[in-house]
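# Observations on the model geometry
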Amino acid sequence: MTATPNPILSLNYVPVLESLGDDYYDVVAAAEFPEQVLRFRNDAILQQLGLDSAAVSNDQLVAAFGKFQGREPLLALRYHGYQFGEYNPFLGDGRGFLYGQVRSEDGQIYDFGTKGSGTTPYSRGGDGRLTLKGGVREVLAAEALHAAGVRTSRTLCLVETGEALWRGDEPSPTRSSVMVRFSRSHIRFGTFERLDYLNRPDLIQKLLEHVIDVYYPSARLFTDPQERYAQFYAELVQRTAELVAQWMAAGFCHGVLNTDNMSITGESFDYGPYAFIDRYDRKFTAAYFDYARRYCFGNQPIICQWNLKGLQKPLKQVMSEATMESALADYKPCYEQHYQQLMLRKLGFDSLPEGEGTELVAQTLNLLENVEIGYHEFFAGLTAQFSPDWQANPEAIFSATLQASDAAAAAQLNDWRQTYHRALLSLAGEALEGVGDRLRHTNPQTVPLRPEIEAVWEPITVENDWQPFYDLVENIRQPFWD
Ligand code: AMP
Ligand code: MG
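Residues numbered from 1 in each chain as written. Chains lettered and ligands numbered in written order. Predicted model: local features only at pLDDT ≥ 70, side-chain atom pairs only at ≥ 80, totals over all residues. Heavy atoms only, no water.

### Focus on the overall build of the protein
What the protein contains, in helices and strands, is 16 helices and 12 strands. Taken over C-alpha atoms, the radius of gyration comes to 24 Å for the protein, in line with the 23 Å a tight globule of 482 residues would show. With respect to the three principal axes, the spread of C-alpha positions in the protein is 70 × 60 × 45 Å. Residue burial in the protein is summarised as follows: out of 482 residues, 57% are buried. Across the protein, contacts joining residues at least 24 apart in sequence account for 71% of those joining residues at least 6 apart. (Helix = DSSP H or I, 4+ residues; strand = E, 2+ residues; numbered from the N terminus. Rg over C-alpha atoms; globule rule 2.2 N^0.38 Å. Buried < 20%, exposed > 50% of the residue type's maximum accessible area, 1.4 Å probe, protein only. Contact = heavy atoms within 4.5 Å.)

### Quick word on the site of ligand 1
Contacts to ligand 1 come from 14 residues, most closely from Gly92, Gly94, Asp127, Gly128 and Asp270. The backbone of glycine 128 places a nitrogen or oxygen atom 2.8 Å from a nitrogen atom of ligand 1. A distance of 3.5 Å separates a nitrogen atom of ligand 1 from a polar backbone atom of arginine 129. Out of a free accessible area of 480 Å², ligand 1 has 75% covered by protein chains. Class assignment for the residues of the shell around ligand 1 results in two nonpolar, six polar and six charged. (Near = heavy atom within 4 Å. Polar contact = N/O pair within 3.5 Å; in protein donor to acceptor, adjacent residues only side chain to side chain. Areas by Shrake-Rupley, 256 points an atom, 1.4 Å probe, with all protein chains shown as cover. Nonpolar A, V, L, I, M, F, W, Y, C, P; charged D, E, K, R; others polar.)

### Considerations on the coordination of the magnesium ion (ligand 2)
Only Asn261 (OD1) and Asp270 (OD) from the protein coordinate the magnesium ion (ligand 2), and they sit 1.9 to 2.2 Å from it. Among the residues examined, asparagine 261 registers a relative accessible area of 10% and is labelled buried. (Donors = N, O, S within 2.8 Å, 3.2 Å for Na, K, Ca; no water.)

### Regarding the pattern of salt bridges
Scanning all chains against the criterion turns up 25 salt bridges. For glutamate 454, the salt bridge goes to lysine 133, with nearest N and O atoms at 2.9 Å. Of the two residues, glutamate 454 is situated in helix α15 (residues 450-463) and lysine 133 in helix α3 (residues 132-147); the sequence distance between them amounts to 321 residues. Looking at glutamate 454, the relative accessible area reads 38%, which means it is partly exposed. The partner of aspartate 196 in a salt bridge is lysine 313, with the nearest N and O atoms 2.8 Å apart. In this pair, aspartate 196 is assigned in helix α4 (residues 189-197) and lysine 313 in helix α8 (residues 300-315), connecting sequence segments 117 residues apart. Note on aspartate 196: relative accessible area 12%, which makes it buried. It is possible to trace a salt-bridge network through shared partners that takes in Lys115, Glu138, Arg181 and Asp270. (Salt bridge = Lys/Arg side-chain N within 4 Å of Asp/Glu carboxyl O.)

### Quick word on α4
In terms of burial, α4 is a largely internal element, eight of the nine residues being buried. What α4 keeps buried is the set Phe189, Gly190, Thr191, Phe192, Glu193, Arg194, Leu195 and Asp196. Next to the buried residues of α4 lie β4 (81-83), β5 (86-88), α5 (201-215), α7 (225-250) and α8. Positive phi appears at asparagine 199, one or two residues downstream of α4, with a value of about 55°.

Structure (structure tokens):
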């Protein structure tokens, strides 16, 4: 009797990165784990890949992503990066590898990248492992960001692997896992930085052509290499600016915006010590080891601009620096325009007369800094309470929740209500109904703030009860109010 073939292994694998040659990676083997238990599977991704998810068993997912049967080569990617502002040439995939690249139903190529699958030549004394809690946290971040419309990697599955790990930032021993990430690419800014460090413009150019070929169709249209590279960089600047605007509107602090965590596709990935903010606090810092608050919530736009500027150093080996500088000048306006647009939507508006929209967003942020209300709580409350009657009755605007604690707060709240009221007055009839719809389709009902994550982790540790985690994932996936 022959065993049923594993559908995961029969996907349309396309070895595009592998075909670049081994200057970019090392062939590695996965660790052998004492046990494998599937804890999370993302059927939406299996469907996106053209699989009937009901026809993919948990055992088959475990065979592929816990036992690593039947696929090779597994590639630990080489990269360096600026970490907290300092160049680090001792990086690379130290606890993961590129499992494979697949062409999905939409014709795009996606990576399966592992995290926690064992040591590699880049582990540098690390154990090559991922804690189960780290895996659970990354699943939640990616699903919540995806639901909020952020261009992000997802998690294909999470397999618990039966080892005891020791970590300074978790009660130890703690449980181990392998997480499989589904993303556009694992090529990072730091992948280019390494090639510059090694002074290999030939490899920079080859990689750049590859990136354009696979991920930048608009640049591919140019036959002249300089025009092609210029288009690539300009689009990367835009994609990155849009991504940061999406994080900021979603109230998300990535935590570790080192250049090895910046994707060359402008997609968001690698969720370690991240947090969704509670209060609107620009100084909020997610990583406990970020003593200087370099990657605090409010710094994210400027840091990503700094990272894009840093990428010019390797790229100028093959293209004009002046061209890149002029493209980078568009970063700030692009970011601001997107952020403004996203925040207006969170407030229920599509567009407002120039100046009025900017004023409303600025006053809202000011208010959030000064009144006792959480960022997500504010927008959820606004959504729950919105009534077209507010147009006739400004005192009623958000009055069930927003109350002033002192005279200064009262004045500020009053100003905000007036500005919000003016915005409502600019709309007539059906347009006013649209506010409620936009609020309900923009502001999530469930955001995995740290206490919520701890609340689902607790039953997992105490009694291996995964239901609260599954329930949270389910709520995150149905983010809006219908
Ligand atoms: P990260 O903080 O996950 O972005 O990782 C930064 C670098 O440290 C990457 O090169 C990782 O591969 C490496 N790294 C992180 N944790 C481990 C670990 N437990 N074992 C080996 N390498 C690790
Ligand atoms: Mg990383």
